[in-house]
Amino acid sequence: MNRQILMGLGAIALIAVPFIGVPPYWLHIMIVILIWSFAYTGWSVMGRFGLVSLVHGAFMGIGAYGTALLWNHAGMSPWLGIPIAMALAGLFALLVGYPCFKYRIVGHYFALVTLALSEIVRQVIVATRDHTGGSLGYTPEPHGGEGYSIVALQFPEKTHFYLIALGVWMVGLIIWRAVDRSMSRYALEAISEDEDASASVGVEVTKEKLKITVLSAVMTAFAGAMYCQYQMFVSPDTVSGIGISLQIVFAVVAGGIYTRFGPTVGAIITIVLAEVLRINIAELEGLFGFKPAGLDNTIYGIMLVLFIIFLPKGVLGSIQGRLFGRSA
């Protein structure tokens with residue numbers, strides 16, 4: 001049975017999930033996994049070429065808050081608000097990327113610059129509390145009494161959003177495949193090896209880096225907008241800042257940065273781990289009378305180090321390497 005048939009059967013099975021009596025909790029987990037998988041895929045199309053960005057928490061925050069603010073304050077439907085928020089994220093990516101790439105800020109210096117900018121965006125969201133709700137979070141206004149609205153992209157039942165999230169996830173896989181098969185891939189691989197040698201043979205280094213950075217930014221912003229529309233609530237800690245940027249990197253590294261389904265595997269690992277930690281931290285709080293602050297981030301950090309040391313290709317990349325003798 002060839003790969004196309006298997007993928008077709010897998011797609012049919014995924015579409016059938018909400019119609020076979022899956023409990024709402026597990027359907028919720030699957031929706032969250034699909035949305036975050038798209039965000040992680042957005043980072044991987046850039047990160048796989050050595051562009052280790054830690055500003056993606058900012059892009060996701062721009063997508064989420066931009067869409068919600070345009071809806072609440074301007075009455076603008078997400079059908080218009082989401083593209084505008086994506087455009088703003090793309091513009092921010094240009095403002096961040098151009099000086100960095102023009103003046104050869106690479107490696108850990110690039111990571112540090114983007115890390116600082118990610119936290120700046122989070123602090124702006126917190127500081128503008130009169131408009132964004134600050135650290136208390138922000139809720140898009142419900143549309144109508146029943147909550148069902150195609151115009152507002154608000155649905156009372158999880159089935160609708162599951163199918164939307166599934167479609168978004170599939171589009172992310174198509175984008176990853178398109179980048180993988182494009183000429184830009186070879187240019188970016190050459191740039192990651194030696195920028196000067198690439199430029200000497202005619203590769204437009206800054207242009208190629210900016211193209212993939214903007215693509216990555218708008219994908220991540222779109223994921224942020226989808227997350228906001230599904231949860232109907234966002235806060236600085238759930239869609240922006242250093243924590244989200246590090247979570248994105250951890251997930252992609254854990255799943256496999258060089259394989260198409262690696263970010264999806266990473267999303268499964270991180271979302272399931274987050275749920276386990278949430279339950280156990282709540283139990284510890286009830287048992288000892290206090291919440292162990294920072295425990296989740298500490299565990300993420302330790303696991304990231306372990307994955308980098310022992311599974312540098314990620315879970316899926318390592319499995320594929322053992323089965324086929326190469327990374328996919």
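Residues numbered from 1 in each chain as written. Predicted model: local features only at pLDDT ≥ 70, side-chain atom pairs only at ≥ 80, totals over all residues. Heavy atoms only, no water.

Chemist: Before we move on, could you go through the overall build of the protein and cite the residues and values that matter?
Modeler: Looking only at helices and strands, one finds 15 helices and zero strands in the protein. Taken against the 2.2 N^0.38 rule, which gives 20 Å for 328 residues, the C-alpha radius of gyration of the protein at 20 Å falls within 12% of a compact globule. Projected onto the principal axes, the alpha-carbon positions of the protein cover approximately 60 × 50 × 45 Å. In the protein, buried positions account for 48% of the 328 residues. Excluding contacts between residues fewer than 6 apart, the proportion of contacts in the protein whose partners are at least 24 apart in sequence is 77%. Carbon and sulfur atoms provide 68% of the accessible area of the protein, an area that totals close to 16,100 Å². Treating the 19 positive side-chain charges of the protein as one cloud and the 18 negative ones as another, the clouds have centres 9 Å apart. (Helix = DSSP H or I, 4+ residues; strand = E, 2+ residues; numbered from the N terminus. Rg over C-alpha atoms; globule rule 2.2 N^0.38 Å. Buried < 20%, exposed > 50% of the residue type's maximum accessible area, 1.4 Å probe, protein only. Contact = heavy atoms within 4.5 Å. Areas by Shrake-Rupley, 256 points an atom, 1.4 Å probe, with all protein chains shown as cover. Lys, Arg positive; Asp, Glu negative; His and termini not counted. Charge placed at Lys NZ, Arg CZ, Asp CG, Glu CD.)

Chemist: Any details on the side chain of S37? Residues and values, ideally.
Modeler: Tracing the sequence through the fold places S37 in helix α2 (residues 24-47). In contact with S37, other than residues within four places in its own chain, are W169, P263, T264 and A267.

Chemist: Describe the environment of G63, listing the residues and the values that go with them.
Modeler: Note on placement: G63 falls in helix α3 (residues 56-74). The class for G63 is buried, based on a relative accessible area of 0%. C-alpha separation for the pair G63 and L9, spaced 54 residues apart in sequence, amounts to 33 Å. Each residue touching G63, except ones within four places of it in the same chain, is listed here: A85, A221, G224 and A225.

Chemist: An account of helix α8 (residues 183-193) is needed here, citing residue identities and associated values.
Modeler: A187, L188 and I191 are the residues of α8 that are buried. All buried residues of α8 fall inside an arc of 95 degrees around its axis, so they share one side. (Arc of directions from axis to C-beta.)

Chemist: Before we move on, could you go through α3 and cite the residues and values that matter?
Modeler: With 19 residues, α3 extends 26 Å between its outermost C-alpha atoms, agreeing within 8% with the 27 Å of an ideal straight helix rising 1.5 Å per residue. In terms of burial, α3 is largely enclosed, as 15 of its 19 residues are buried. Just downstream of α3, G75 is the residue with a positive phi angle, here 65 degrees. (Expected span 1.5 Å × (residues − 1).)

Chemist: So, the pattern of salt bridges: which residues are in play, and what are the values?
Modeler: Scanning the entire structure with this criterion turns up 10 salt bridges. R122 serves as the salt-bridge partner of E119, at 3.0 Å between the closest nitrogen and oxygen. Of this pair, E119 and R122 both sit in helix α5 (residues 107-127), separated by three residues, roughly a single helical turn. Linking R185 and E189 is a salt bridge whose minimum nitrogen-to-oxygen distance equals 3.0 Å. With R185 and E189 both in helix α8 and four residues apart, this pair spans about one turn of that helix. Relative accessible area serves as the criterion here: at 29%, E189 is assigned to the partly exposed category. (Salt bridge = Lys/Arg side-chain N within 4 Å of Asp/Glu carboxyl O.)

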